[in-house]
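# Close look at the chain arrangement
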Amino acid sequence: MKNTTALETYIANTKALPLYQKETQEYDKLLNYLTGNSEYVPEINVRSLEIIPLETLLGPIEEWDEWEEKVVELRQTKHWFLSIPKANSYMPKPEYLFQALLSWANAQIFEYTSISKIDRILAKINTYTNDFGGLIYWMSKVQPLVVNDKPTALGEYVLENTDANLASLNEAFSLDYHSLLDLFLVKRPDLTKLFLKGFHRNLIPQVNLWSRSQDTKLKNAFKYIETILAYQGDQYGSILENIFHKTEDIESKWKLFQLLQKYIPNHIQAFQESYYNDIFEKQVQYFIKNNHYLIDEYSSKSYLRICISYLSNLHPAKYKPIISDKLFEMSKRYFLPYDVIEVITEILDREDVEKIYTNMVQFYRFSPKQLQCSLNLAQKLDYHAYLPQIWDISKTNSIELNKIAGKFLAILGNAAIPQATELLRSKKAYTRQMGMSLLEALDTAETQKIIYDFLELEPNDDIRDSYVELLNQMISKPCTIEEIKAKIDYAEKRAKLSTPLAPWLDDKEIFPLYFKDGTPLNTNEVRFLYYRMSRIKEIGFDFEAKWLLEHIDMNRTHEYANSLVHIFFTNDAPANLKFCLTLASTMGDASVIRTLRKKVFELTENNRGKMAEYVVKAIALNGSTQALREVEYLSRKFKSKYKNIGKAAIEAFELAAQELNIDPYDLADQIVPDFGFEGLFKTFELDGQEYRAFINQDFKILFLNESNKTLKSLPKSASVELQNEYKEMGKEIKELVKSQTYRLEQYLIIQRQWETEKWQNLFLNNPLMFVYATRLVWGAYNEHKQLLFTFKVQEDQTCINQNGDEVEFENGLFIRIVHPIDLTKDIVAYWSEVLSDENLQPAFLQLNRTVINFNEQNRGTKLSANYKGIEMSAYKLLSCLEKRGWLRGSVVDNGRIGNYYKDFANEGISAVFTQEGEFTIGFMEGTAIIGNLMFVKSGSINFNLGSYEPRKESDPRLIPFEQISPIIYSEVMADMQFFKENDSRANGN
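All of these numbers come straight from a predicted model, not from anything done at the bench.

### A word on unusual backbone geometry
Phi is positive for aspartate 572, which is not a glycine, with a value near 70 degrees. Mapped onto the elements, aspartate 572 comes out in the loop between helix H29 (558-570) and helix H30 (579-587). Residue class for aspartate 572 comes out exposed when judged on its relative accessible area of 59%. In this model, asparagine 607 sits at a positive phi of 60 degrees, which is unusual for a non-glycine residue. With respect to the helices and strands, the residue asparagine 607 is situated in the loop between helix H31 (590-605) and helix H32 (609-622).

### Here's the deal with the nonpolar core
Core analysis: the biggest nonpolar cluster contains 117 residues, and Tyr530, Leu583, Trp759, Leu768, Trp778 and Phe791 have the highest contact counts within it. At 10 residues, helix H36 (residues 720-750) tops the list of elements feeding residues into this core. In terms of nonpolar packing, the next biggest core, distinct from the first, is built from 87 residues, Tyr319, Leu401, Ala416 and Ala420 among them.

### Structural notes on the pattern of salt bridges
Tallying each qualifying case throughout the model produces 45 salt bridges. Arginine 188 is paired through a salt bridge with aspartate 163; the nearest N and O atoms lie 3.1 Å apart. With arginine 188 in the loop between helix H9 (179-187) and helix H10 (192-207) and aspartate 163 in the loop between helix H7 (153-161) and helix H8 (166-172), the pair connects residues that are 25 residues apart, well separated along the chain. Among the salt bridges present, the one from arginine 464 reaches glutamate 456, with a minimum N-O distance of 3.1 Å. With respect to class, arginine 464 is no different from glutamate 456; both count as buried.

### Focus on the packing of aromatic side chains
Counting across every chain of the model gives 53 aromatic pairs. Residues tryptophan 759 and tryptophan 778 carry aromatic rings whose centres are separated by 5.3 Å and whose planes lie at 70 degrees to one another, so their mutual orientation is edge-to-face. Note that tryptophan 759 is positioned in helix H37 (residues 756-763) and tryptophan 778 in strand E8 (residues 778-781), a separation of 19 residues in sequence. By relative accessible area, which is 0% here, tryptophan 778 ends up buried. Centre to centre, the rings of tyrosine 900 and phenylalanine 913 are 6.1 Å apart; their planes meet at 25 degrees, and the pair counts as stacked. On the criterion of sequence distance, the pair formed by tyrosine 900 in strand E15 (residues 899-904) and phenylalanine 913 in strand E16 (residues 909-915) is long-range, its members being 13 residues apart. Its relative accessible area of 2% is what places tyrosine 900 among the buried residues.

About the cut-offs
- Residues numbered from 1 in each chain as written.
- Predicted model: local features only at pLDDT ≥ 70, side-chain atom pairs only at ≥ 80, totals over all residues.
- Heavy atoms only, no water.
- Helix = DSSP H or I, 4+ residues; strand = E, 2+ residues; numbered from the N terminus.
- Buried < 20%, exposed > 50% of the residue type's maximum accessible area, 1.4 Å probe, protein only.
- Core = buried A, V, L, I, M, F, W, Y, C linked by side-chain atoms within 4.5 Å.
- Salt bridge = Lys/Arg side-chain N within 4 Å of Asp/Glu carboxyl O.
- Phe/Tyr/Trp six-rings, centres within 6.5 Å; stacked < 30°, edge-to-face > 60°.

Geometry only, nothing functional implied.
Right, dumping it as structure tokens:
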């Protein structure tokens, strides 16, 4: 049936295309045909990619009539020929009109769609394609055939029509693994052998031509094989064994062997020894020729290590001499694989190991990892024979190698001190590093004194700073002013204070700093502060700078801080001098914090996100309530856009809480301002009358006079100062409502709980939080997290339970914002009616939140395809995601957004769904397509580095659905249900 609205939208969108103005005549051919102004099917000379897909014009199958037939008539044109690409073709997906029909069909098939309806839908497409197998193949890319070992609606339809279309299905699924095999293994095992034979026939001629760079088909092939082995390995073992013997590619053959060994070990016993021996010989020659070896993807061990361990255990007398000779031959050429070195002392005789080791040792040519590995092995041998070579590493220009060697040489004990001390006198920094590492490893009072004296004169800051913690341990506490000034003198001798780090740091515009005795810091003392602070790579304090700051008068630093932050940004805020932010924030007052907050927004607008992160972290170091409020605000402001800044704010806030030794949630409670109110009111006098300010249910400031009459504004006689005070207070309340509403909704989801006394202090005594208290329903829980009763806060600060009785809180209770998943329908209805009668709107959706309970049929599920294929415009999906707290995840190939996630860090969980559409960074015109849904361990995917999400259910990062807390499960599934209800395929948008 013709959908006029959909057609009008299609026409409007077509005319809005950038190419329409240039190719108006060609596009109008299509539009005239669709509107009935032309009866002829047009030939359009525009690329198909430049034409909007047609599926939005196709109605539900129940309403299909001549209009849909007219649209599909476009199949006659060269741009929309109706054909299905083969599963093993190079075409990545179906295109042209078939893509439109496919999307139309998928949008109408749901979990409980009847077989008869599916038959009507697919029969309509098959009228034009006559390729049942190809149609099911491409449908199954979006609609799974099996979920949790049970056929889906589409799977049941395929089973009904399998026998009549066996050849077509076999052809379509012959190479590419998909859920058809799972379907047959579950319901039609009699057909598995037929498909396996077809797989064998198609796989073997090609597998030997595949290279490592063409691994996608291999992965599909081995997924196919593993599925067969897991279900019916004994039945099909002989066929798979035949595949193994015919395979020549070494990696393909190895993978197949490991699968056979895992599932049907009895089938491979006869040839296991000969196979491992053959692989060992080939890998030895491969290593000698290429200095490379292959790694088993299942165990992450080298083929060599696996073969050596197996053969030496099987026949020690036979294989140990062979293994020893081969490893000796390999060691002449290159450093042996690390995991082989780890086990040779357990496998070979000591004499053979020493022969191999001596042959291999060329310490000066080693990488740090090779040196560490070889020295670990030396400790198991007679290392004295190698000491001259190890001492000679001090002549090698490598700080890292000398550090490793120095730690090893500490095995010689105090006898090595004279030689180590001599190394400290060298002009070469790398040589001095060996002496330092050796002395530090010995860790005696004598060596610590030598290190301390040496470090004060060490000119190489990298070496010196690597031991700064040791210096911190050795300085007196508190550090005296004399010790500090001695350090400044040493720094001058090391030529660290001869010039400023930047000319403007010596500028007279920067106000002076003062010691506590009133003496201003001289040039060298200020330069020492900057020099030591510049050694810190992140926002924070250097130990030695901290010792100096302890002697500075912090009551006289505000002007210095303001001038420093001004001149820092005037000179373009150089990243290498970011320590200025730390000094300005910690020495500044409220005006500096306001300046820094403003700079965060300016920096983001100028594409200096990293510097903005530094500013956020510096604000947190101030430690004041205002500063922490700003950090908490910035953590929300940049939660989605510029989320690295938001993340920096969260980390800074948590660090501040750690410094104060309190929970971050408690710190967030503490920084909620009370605006100088006493309880719920702020009293003041005006014209001889007493007035009380309060915050009403709409978060507006109102006033009560002595007659208890409510005033919306201050009397006209109020001073400008008083008016401005309440005007600013109103602005701050408006901002706070945004933060607290979001925060409390998150507390509902994660079920944060308060001890009764803390809850009362926050929600009954703070004027802002009291408004929230009256607009929400609360629950009292015992120590076992069991809900005892629900209650609501009244205007008079009393608490009334669901029976209408006033609540007296007993000791040991915990209070939460109650989630409807914990409530019966009757209690939800009761409290909903109470709130309605009192004309109270919840601060956010609480009682009427969508609740989706865990379905036991999903037990064991780790990757869900239930929402796979949902389509939305990129704009719309992004808007929905941001409102619901989902964040952009990994950016993968060509800037495509690969996934989105919702983090529940407190529970150690992240919900993730893959994005499979043409939705890329900076391009919002494409279509977003939802893929698999999963729960993973929080932090297990590095989204910032473009890491991929789990693809297999065996991935250890995945969490089974039944292990997710009921509330988090419900919240995530409610989001997914919302996306499904807004699927553009079903809505015709």
